[in-house]
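As a plain string of letters, each chain reads:
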Amino acid sequence: MNSIENLISELNLKPHPEGGYFKETYRSEEEIPQGILSNKFTGNRNYSTCIYFLLESDNFSAFHKVNQDEIWHFYDGSPIRLHIISELGIYSNQLIGIDIQNGQTPQFVVKGGSWFAAEVEAPSSYSFVGCTVSPGFSFDDFELASRDRLLNMFPENNKLIKRLTRG
Ligand code: GUN
């Protein structure tokens, strides 16, 4: 297992606004014109993008959503738990990891438009994963949840929302 410090320095990861560290590793040169995208998209988008994402145990990736389906890939460290609240308000969770006999999955798709957060349950560890989206990522398609707004929408998930939002 690599160390957190090595991954951050060797791969030149930077802090991500949702928590953890990331680096974009791929952005297709070509673009999809806005006119043929659904009206959720406010401009042209690259065909696809991919990032490295690293999350430490004493941190969390706060509830956020993106327009696109997001494909998660497990690389190293401990499994990462995704908590998902669908557009219809249905809660689910999944461990992304390599221990497939115990219900973990090395790849997982979070449906576009769902609110989701992530955490590493093992203490003193990290999870190193990748996230791919198509159309390519833009912060215009990204929304970090306001705690109060999410609590209003999904009061039955209040404990989780309070724990995995920052304000
Ligand atoms: N690029 C910058 N932030 C993100 C993110 O949260 N997800 C994806 N897929 N790409 C990003």
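Above this text sits the structure in question.
Residues numbered from 1 in each chain as written. Predicted model: local features only at pLDDT ≥ 70, side-chain atom pairs only at ≥ 80, totals over all residues. Heavy atoms only, no water.

1. Details of unusual backbone geometry
With omega at -5 degrees, the peptide bond leading from Ser-134 into Pro-135 counts as cis. Here Ser-124, not a glycine, exhibits a phi torsion of approximately 50 degrees, which is positive. With respect to the helices and strands, Ser-124 occurs in the loop between strand S11 (115-120) and strand S12 (126-133). (Helix = DSSP H or I, 4+ residues; strand = E, 2+ residues; numbered from the N terminus.)

2. Things to note about the site of the ligand
Near the ligand, the surroundings consist of His-16, Glu-18, Phe-22, Ile-51, Glu-70, Cys-131, Val-133, Phe-137 and Phe-139. His-16 is positioned such that a nitrogen or oxygen atom in its side chain is 2.7 Å from a nitrogen atom of the ligand. For the ligand, an oxygen atom lies 3.4 Å from a polar atom in the side chain of Glu-18. Within the complex, the protein chains bury 97% of what would otherwise be the 280 Å² of accessible surface of the ligand. Residue composition of the shell around the ligand, grouped by class: six nonpolar, one polar and two charged. (Near = heavy atom within 4 Å. Polar contact = N/O pair within 3.5 Å; in protein donor to acceptor, adjacent residues only side chain to side chain. Areas by Shrake-Rupley, 256 points an atom, 1.4 Å probe, with all protein chains shown as cover. Nonpolar A, V, L, I, M, F, W, Y, C, P; charged D, E, K, R; others polar.)

3. Quick look at the packing of aromatic side chains
Throughout the structure, instances matching the rule amount to eight aromatic pairs. Relative to Phe-142, the ring of Phe-139 lies with its centre 5.2 Å away and its plane at 80 degrees, an arrangement referred to as edge-to-face. For Phe-139, a relative accessible area of 43% gives the class partly exposed. Phe-142 gets classed as buried once you look at its relative accessible area, which sits at 14%. Site record: aromatic cluster; members linked through ring pairs are Tyr-52, Tyr-75 and Phe-128. Across the ring face of Phe-60, the terminal group of Arg-166 is positioned such that the distance to the ring centre comes to 4.0 Å. (Phe/Tyr/Trp six-rings, centres within 6.5 Å; stacked < 30°, edge-to-face > 60°. Buried < 20%, exposed > 50% of the residue type's maximum accessible area, 1.4 Å probe, protein only. Lys NZ or Arg CZ within 6 Å of the ring centre and 35° of its normal.)

4. Thoughts on the sheet that holds strand S6 (residues 61-66)
The sheet built from five strands is open, its strands ordered S9-S8-S11-S6-S13 with antiparallel pairing. Looking along the sheet, the strands with just one partner apiece sit at the ends: strand S9 (91-96) and strand S13 (142-144). The mean inter-strand angle of the sheet, taken between neighbouring strand axes irrespective of direction, is 25 degrees. Where S6 lies against S13, three bridges are found, and the strand directions are antiparallel. When the sheet's bridge partners are listed, Val-66 is paired in S13 with Phe-142. (Pairing = 2+ DSSP bridges. Axes fitted to C-alpha atoms, helices over the stretch in contact; angles between N-to-C directions.)

5. Re the pattern of salt bridges
For the structure shown, the criterion picks out six salt bridges. Residue Asp-141 pairs with Arg-45 through a salt bridge whose shortest N-O separation is 2.7 Å. With Asp-141 in the loop between S12 and S13 and Arg-45 in strand S4 (residues 45-46), this pair connects stretches of sequence that are 96 residues apart. For Asp-141, a relative accessible area of 4% gives the class buried. (Salt bridge = Lys/Arg side-chain N within 4 Å of Asp/Glu carboxyl O.)

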